[in-house]
Amino acid sequence: MLSFLGAMGHSPFNVVMAPQENPVGPPTEYHGTFLGVLQTNRAILHVVEAIFFMNLFFGGATNWFELILKTFLIYFWSVFVGVVFPRYRVDQSISWLIKIPLVIGILAIIFIM
């Protein structure tokens, strides 16, 4: 689920385009219709990534109800983390990324050896 948060670009992995940082990128460069297309593209990409993640790691779906339910629960995870950490700053993300994902990665390397 940590990799899903990173793929979606949600907290704590949204440090580069964090909403509390200096305004940079497409939201400040573009406006009007083109910005709307870019934002729609991001929303569709998040749904596609959630469905792809569900198919790869949670057994896929056999019907529409199961597809919608599993995808919603997976996407809800990223929304939940974003709500729990609403003002995630760069210094907080660095300390969190060093504590949890780095330790998990080192343990995975040791386990594989």
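Everything below is about the structure shown above.
Residues numbered from 1 in each chain as written. Predicted model: local features only at pLDDT ≥ 70, side-chain atom pairs only at ≥ 80, totals over all residues. Heavy atoms only, no water.

Student: Give a detailed account of helix H3 (residues 33-57), specifying residues and quantitative values.
Tutor: Spanning 25 residues, H3 covers 36 Å between terminal C-alpha atoms, matching the ideal 36 Å at 1.5 Å per step. For H3, the full list of buried residues reads His46, Ala50, Phe53 and Met54. (Helix = DSSP H or I, 4+ residues; strand = E, 2+ residues; numbered from the N terminus. Expected span 1.5 Å × (residues − 1). Buried < 20%, exposed > 50% of the residue type's maximum accessible area, 1.4 Å probe, protein only.)

Student: Before we move on, can you summarise the nonpolar core with the specific residues and values?
Tutor: The biggest cluster of nonpolar side chains holds 7 residues, and these are Phe4, Met8, Ala50, Phe53, Met54, Leu67 and Ile74. Elements with a minimum of two residues in this core: helix H1 (2-8), H3 and helix H4 (64-84). Top element by residues in this core is H3. It accounts for 3 residues. (Core = buried A, V, L, I, M, F, W, Y, C linked by side-chain atoms within 4.5 Å.)

Student: I'd like to hear about the packing of H3 against H4, residue by residue, with values.
Tutor: Any two packed helices are characterised by how steeply their axes cross, that is the angle between the axes, and by the distance between the axes. At a closest axis distance of 9 Å, the pairing of H3 and H4 adopts a crossing angle of 110°. The angle between H3 and H4 places the two elements in the roughly perpendicular class. Packed against H3, whose contacting residues are His46, Val47, Ala50, Ile51, Phe53 and Met54, the element H4 presents Leu67, Lys70, Thr71, Ile74 and Tyr75 at the interface. For the contact of H3 with H4, the class distribution of residues is 8 nonpolar, 2 polar and 1 charged. (Axes fitted to C-alpha atoms, helices over the stretch in contact; angles between N-to-C directions. Parallel < 35°, antiparallel > 145°, perpendicular 65-115°, else oblique. Contact = heavy atoms within 4.5 Å. Nonpolar A, V, L, I, M, F, W, Y, C, P; charged D, E, K, R; others polar.)

Student: Account for the packing of aromatic side chains, naming residues and giving values.
Tutor: A complete count under the given rule lists 5 aromatic pairs for this structure. Of the aromatic side chains, those joined through ring pairs into one cluster are Phe72, Phe76, Trp77 and Phe80. (Phe/Tyr/Trp six-rings, centres within 6.5 Å; stacked < 30°, edge-to-face > 60°.)

Student: Let's hear about the pattern of salt bridges: which residues, and what values?
Tutor: Counted under the stated rule, the structure contains 1 salt bridge. Two residues, Lys70 and Glu66, come together in a salt bridge whose shortest N-O distance is 3.2 Å. Of this pair, Lys70 and Glu66 both sit in helix H4, 4 residues apart, which is roughly one turn of that helix. Lys70 sits in the partly exposed class, given a relative accessible area of 22%. Of the residues examined, Glu66 reaches a relative accessible area of 23% and is grouped as partly exposed. (Salt bridge = Lys/Arg side-chain N within 4 Å of Asp/Glu carboxyl O.)

Student: Describe a nonpolar patch on the surface, and please don't skip the residues or the numbers.
Tutor: On the surface, Phe65, Leu69, Phe72, Leu73, Phe76, Trp77, Val79, Phe80, Val83, Val84 and Phe85 cluster together into a nonpolar patch covering about 1100 Å² of accessible area. Along the chain, Leu69 falls in helix H4. Here Leu69 falls in the partly exposed class, since its relative accessible area comes to 40%. (Patch = residues over 30% accessible without salt bridge, like charges linked within 9 Å, V, L, I, M, F, W, Y side chains within 5 Å. Areas by Shrake-Rupley, 256 points an atom, 1.4 Å probe, with all protein chains shown as cover.)

Student: A description of the side chain of Thr71 should follow, citing residues and the corresponding values.
Tutor: Within the secondary structure, Thr71 sits in helix H4. A distance of 2.7 Å separates the side chain of Thr71 from the backbone oxygen of Leu67, its partner in a polar contact. Beyond its immediate sequence surroundings of up to four residues, Thr71 is in contact with Val47, Ala50, Ile51 and Met54. (Polar contact = N/O pair within 3.5 Å; in protein donor to acceptor, adjacent residues only side chain to side chain.)

These results come straight from atomic positions and should not be treated as a statement about function.
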